[in-house]
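Letter by letter, the chains look like this.
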Amino acid sequence: KNQAATLLRLLKKYTPETNEAKKARLMATAEAKKAGTEEKSKKPQVIKYGLNHVTTLIEQKTAKLVVIAHDVEPIETVC
């Protein structure tokens, strides 16, 4: 239970940005570009999910952390 709570706290940091936050980020970039200063805003890091997508990330060796649910059968489908 403690591991699950810790994991959920970690995952909460990487939730996708809301439409309003994305719009504000893009508007700030557009305003900076219009003013003549090229300001780079980094796209926020988010959690990638889905069996096929995660498998592809593992094969490309770009996955940093993979969390597998206890009820995945067979485990070889992910690794």
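This text follows the structure it describes.
Reference entry: report on the structure contained in this document. Since the model is a prediction, treat every value here as computed from it, not as a measurement. (Residues numbered from 1 in each chain as written. Predicted model: local features only at pLDDT ≥ 70, side-chain atom pairs only at ≥ 80, totals over all residues. Heavy atoms only, no water.)

What follows deals with the overall build of the protein. Across its full length, the protein carries 3 helices and 0 strands. Secondary structure of the protein in N-to-C order comes out as α-α-α. Computed over C-alpha atoms, the radius of gyration of the protein comes to 18 Å, more than 25% over the 12 Å expected from 2.2 N^0.38 for 79 residues, which places it beyond the range of a compact globule. The C-alpha extent of the protein, read off along each of the three principal axes, is 55 × 30 × 20 Å. By residue count, 8% of the 79 residues in the protein fall in the buried class. Sequence-distant contacts, at least 24 apart, represent 34% of the contacts inside the protein between residues at least 6 apart. Of the roughly 7,400 Å² that the protein leaves accessible, carbon and sulfur atoms contribute 57%. Here the protein carries 15 positive and 9 negative side-chain charges, and the mean point of each set is 6 Å from the other. (Helix = DSSP H or I, 4+ residues; strand = E, 2+ residues; numbered from the N terminus. Rg over C-alpha atoms; globule rule 2.2 N^0.38 Å. Buried < 20%, exposed > 50% of the residue type's maximum accessible area, 1.4 Å probe, protein only. Contact = heavy atoms within 4.5 Å. Areas by Shrake-Rupley, 256 points an atom, 1.4 Å probe, with all protein chains shown as cover. Lys, Arg positive; Asp, Glu negative; His and termini not counted. Charge placed at Lys NZ, Arg CZ, Asp CG, Glu CD.)

With that out of the way, let us pick up the pattern of salt bridges. A side chain with one charge can pair with a side chain of the opposite charge if their charged atoms come near. Counting across every chain of the model gives 1 salt bridge. Among the salt bridges present, the one from E17 reaches R25, with a minimum N-O distance of 2.8 Å. What makes R25 buried here is its relative accessible area of 18%. (Salt bridge = Lys/Arg side-chain N within 4 Å of Asp/Glu carboxyl O.)

The next point concerns a nonpolar patch on the surface. Residues L10, Y14, I47, Y49, L65 and V67 make up a contiguous nonpolar surface patch of roughly 600 Å² in combined accessible area. One can find L65 in the segment after α3 (51-59). (Patch = residues over 30% accessible without salt bridge, like charges linked within 9 Å, V, L, I, M, F, W, Y side chains within 5 Å.)

Structurally, the position occupied by L10 is in helix α1 (residues 2-13). You can call L10 partly exposed: its relative accessible area is 32%. In this structure the C-alpha to C-alpha distance between L10 and K40, which are 30 residues apart in sequence, comes to 26 Å.

With that out of the way, let us pick up helix α2 (residues 19-35). In an α-helix, one turn spans 3.6 residues, which is why side chains three or four residues apart end up on the same side. Look at α2: 24 Å from first C-alpha to last across 17 residues, which is about the 24 Å you get at 1.5 Å a residue. Downstream of α2 by a residue or two, G36 has a phi angle that is positive, lying close to 105 degrees. (Expected span 1.5 Å × (residues − 1).)

Keep in mind these numbers describe shape, not what the thing actually does.
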